[in-house]
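Analysis of the macromolecular model
For reference, the chains in residue letters:
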There are 2 protein chains.
Amino acid sequence: MSVKERKERERAQRERLIVATARELAEEQGWDAVTTRRLAERIEYSQPVLYSHFRGKREIIGAVAREGAAEMAVAVRAAVAGADGPRDRVAALARAYLDFAERNPAVYDALFDLDGGLAFAQEDTPGELKDAFAALLETLGEVAGDGVHPGLFTETFWASLHGLATLTRARRLPPEDTERRIELLVDRLAVM
Amino acid sequence: MSVKERKERERAQRERLIVATARELAEEQGWDAVTTRRLAERIEYSQPVLYSHFRGKREIIGAVAREGAAEMAVAVRAAVAGADGPRDRVAALARAYLDFAERNPAVYDALFDLDGGLAFAQEDTPGELKDAFAALLETLGEVAGDGVHPGLFTETFWASLHGLATLTRARRLPPEDTERRIELLVDRLAVM
DNA sequence: CTCGATTGTCTAGCGGTGCTAGGATGGAAG
DNA sequence: CTTCCATCCTAGCACCGCTAGACAATCGAG
């Protein structure tokens, strides 16, 4: 039976290789450059092997998105943990979020711009996504203010950050003033 | 010489037909369905005709985006004109913006998600885009608050709206609470 | 009115995409 | 040692954006 187990281990390892390579390629050259042919060549297997792990390209994007969500949750929680008081915590969260988006643009796209076939805000939403939202909620729920539902506040604050992240990266907003925009959001939206 | 003029008129008309058809097709079936072949078939010309008007598909997207920006400016100004007092004006603007995004998803994508080859926030930015931003600035600049640059405030408020628009449409946010999120944004961000 | 030049349009095709059917191959089981 | 089965690859499908080159229609000169 250990032969079978070994094969399963190797298979799981190859799956991780596919996801890591797709992410790498996307960060290097953008998702448009992540074609099944190039991806197959990089992992040194033929195209059909990809389809024995994933239904198609969108599922590969989804896998990168889930991985990214888990990392983002870690990054946000780490940033918040190093800050004192509600205001600093919210500001640290906002900076960590935008920083993550800037440093991992392809992952951010996989999460929020592209179609990775993932459900959001539903029962069958992957755990990584639920947890990433929970990481935001932990800090933002504190500053929702009286009579405002913490979840609703978190959604709204998150949407604002998402807007800044995407518009800045798509060169719709000049990047120099990012810090000032963050301060504005934090000071006005959060109730301390 | 009037023969030449007639031909130019017909050519301009055909260009408008291309843009209108691309927009129609995108609203019906999404931008993925807007292929040069399908578009050519709908306008009852062959593919290469498209390339005698536009450098490529991205320029067609850009043309739809410019058209959409002009319409959005009109919609926003109309909504604001029908409201009294700063708070109502800002709320009306926010609703009009999100309403436009919801009613014209393909146009909204052309403007802010896809690459239409347009410059933003620069000298060579198309007039329609500058004017759409101006329409936001006219109302939002009023409520930036002391010591906050009106342009910066407008960018930030706009980013928040954009975040709500995209996340809602991509099913990342449940749509039922949109109105409550708007109220939250307006009441907190704007200084009255 | 005829004829060459120019303009406009089309057919056909290039290299690429995501995805899949079917045959070859190599290792486990009997 | 042979049989069988899982695994993988070659080859190919239909489609994509885009373009070269053939063809037809129109224009201006003689």
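Anything mentioned here points back to the structure above.
Just so it is clear, the structure is predicted and the values come from calculations on it, not from any experiment.

What about the overall build of chain A?
Of the regular secondary structure elements, chain A holds 9 helices and 0 strands. Helices (α) and strands (β) of chain A occur, in sequence order from the N terminus, as α-α-α-α-α-α-α-α-α. The principal-axis extent of the C-alpha atoms belonging to chain A is close to 60 × 40 × 30 Å. Looking at chain A as a whole, 48% of its 192 residues are labelled buried. For chain A, the accessible area works out to roughly 9,700 Å², and carbon and sulfur atoms hold 49% of it. Taking the average place of the 27 positive charges on the side chains of chain A and the average place of its 33 negative ones, the gap between the two points comes to 6 Å.

What about the relation of the copies chain B and chain A?
When chain B is fitted to chain A, the best match, at an RMSD of 0.1 Å, comes from turning it 180 degrees and sliding it 0.0 Å along the axis. Classification of the inter-copy transformation places it as that of a two-fold axis.

Observations regarding unusual backbone geometry
Non-glycine residue Ala121 of chain A carries a positive phi angle of around 50 degrees. Here Ala121 of chain A lies in the loop between helix 6 (105-112) and helix 7 (127-140). Using a relative accessible area of 57% as the deciding quantity, one classes Ala121 of chain A as exposed. Positioned with a positive phi, Glu44 of chain B is a non-glycine residue whose angle comes to about 60 degrees. Examined against the element boundaries, Glu44 of chain B turns out to sit in the loop between helix 2 (36-42) and helix 3 (47-53). Assessed through its relative accessible area of 72%, Glu44 of chain B is described here as exposed.

Description of the interface of chain B and chain A
Counting residues at the interface gives 34 residues for chain B, matched by 34 residues for chain A. Interface of chain B and chain A: buried area, both sides summed, is about 2,900 Å²; carbon and sulfur atoms make up 66% of it. Per-residue buried area on chain B facing chain A is highest for Leu152, Arg172 and Arg188 of chain B; these three make up 25% of the total on that side. Our count for the chain B to chain A interface comes out at 2 salt bridges. When the shortest N-O distance is used, the salt bridge between Glu155 of chain A and Arg181 of chain B registers 2.9 Å. Counting the contacts that link chain B with chain A gives 11 residue pairs in polar contact (both at pLDDT 80 or more). Of all elements in the fold, only helix 6 (105-112), helix 8 (150-169) and helix 9 (178-189) of chain B reach the threshold of two or more residues within the side of chain B that touches chain A. Sorting elements by how many residues they give to the side of chain B that touches chain A places helix 8 of chain B first, with 12 residues.

Points about the protein's contact with DNA strand C
The environment of DNA strand C is formed by 16 residues, the closest being Thr35, Thr36, Tyr51 and Lys57 of chain A together with Ser46 of chain B. The sugar and phosphate moieties of DNA strand C supply 56% of its atoms located within 4 Å of the protein. Within the side chain of Arg38 of chain A, a nitrogen or oxygen atom sits 3.5 Å from a phosphate oxygen of DNA strand C. In the environment of DNA strand C, a base nitrogen lies 2.9 Å from a nitrogen or oxygen atom belonging to the side chain of Gln47 of chain A.

Considerations on the side chain of Arg181 of chain A
Here Arg181 of chain A shows up in helix 9 (residues 178-189). Note on Arg181 of chain A: relative accessible area 0%, which makes it buried. A polar side-chain atom of Arg181 of chain A sits 2.8 Å from the main-chain carbonyl oxygen of Pro174 of chain A. Setting aside chain neighbours within four positions, we find Arg181 of chain A in contact with Leu164, Thr168, Leu173 and Pro174 of chain A together with Leu152, Glu155 and Thr156 of chain B.

Observations regarding the side chain of Thr125 of chain A
Residues and elements named next belong to chain A. You can see Thr125 is positioned in the loop between helix 6 and helix 7. Accessibility expressed as a relative area gives 7% for Thr125, which makes it buried. Reaching out from Thr125, the side chain makes a polar contact with the backbone nitrogen of Gln122 at a distance of 2.9 Å. Excluding its chain neighbours within four sequence positions, the residues that come into contact with Thr125 are Ala119, Phe120 and Lys130.

Notes on helix 9 of chain B
Under the 1.5 Å per step criterion, the end-to-end length of helix 9 of chain B is 16 Å for 12 residues, consistent within 8% with the ideal 16 Å. Restricting attention to buried positions, one finds in helix 9 of chain B the residues Arg181, Ile182, Leu184, Leu185, Val186, Arg188 and Leu189 of chain B. Its buried side turned inward, helix 9 of chain B meets helix 8 (150-169) and helix 9 of chain A together with helix 5 (85-103) and helix 8 of chain B.

A closer look at the packing of aromatic side chains
This model, assessed by the stated rule, comprises 12 aromatic pairs over all chains. Ring geometry for Phe153 of chain B versus Phe157 of chain B: centroids 6.0 Å apart, planes at 40 degrees, classification tilted. Pair noted here: Phe153 of chain B and Phe157 of chain B are both in helix 8, with a separation of 4 residues, about one helical turn. Across the pair, Phe157 of chain B and Phe153 of chain B agree in class, each one buried. Three or more aromatic residues joined by ring pairs form one cluster here, namely Tyr97, Tyr108, Phe112, Phe120, Phe133 and Trp158 of chain A. The residue whose ring lies beneath Arg14 of chain A is Tyr45 of chain A, and the NZ or CZ to ring-centre distance is 4.7 Å.

Conventions adopted
Residues numbered from 1 in each chain as written. Chains lettered and ligands numbered in written order. Predicted model: local features only at pLDDT ≥ 70, side-chain atom pairs only at ≥ 80, totals over all residues. Heavy atoms only, no water. Helix = DSSP H or I, 4+ residues; strand = E, 2+ residues; numbered from the N terminus. Buried < 20%, exposed > 50% of the residue type's maximum accessible area, 1.4 Å probe, protein only. Areas by Shrake-Rupley, 256 points an atom, 1.4 Å probe, with all protein chains shown as cover. Lys, Arg positive; Asp, Glu negative; His and termini not counted. Charge placed at Lys NZ, Arg CZ, Asp CG, Glu CD. Least-squares fit on C-alpha atoms with pLDDT ≥ 70 in both. Contact = heavy atoms within 4.5 Å. Buried area = accessible area lost by both parts, 1.4 Å probe. Salt bridge = Lys/Arg side-chain N within 4 Å of Asp/Glu carboxyl O. Polar contact = N/O pair within 3.5 Å; in protein donor to acceptor, adjacent residues only side chain to side chain. Near = heavy atom within 4 Å. Expected span 1.5 Å × (residues − 1). Phe/Tyr/Trp six-rings, centres within 6.5 Å; stacked < 30°, edge-to-face > 60°. Lys NZ or Arg CZ within 6 Å of the ring centre and 35° of its normal.

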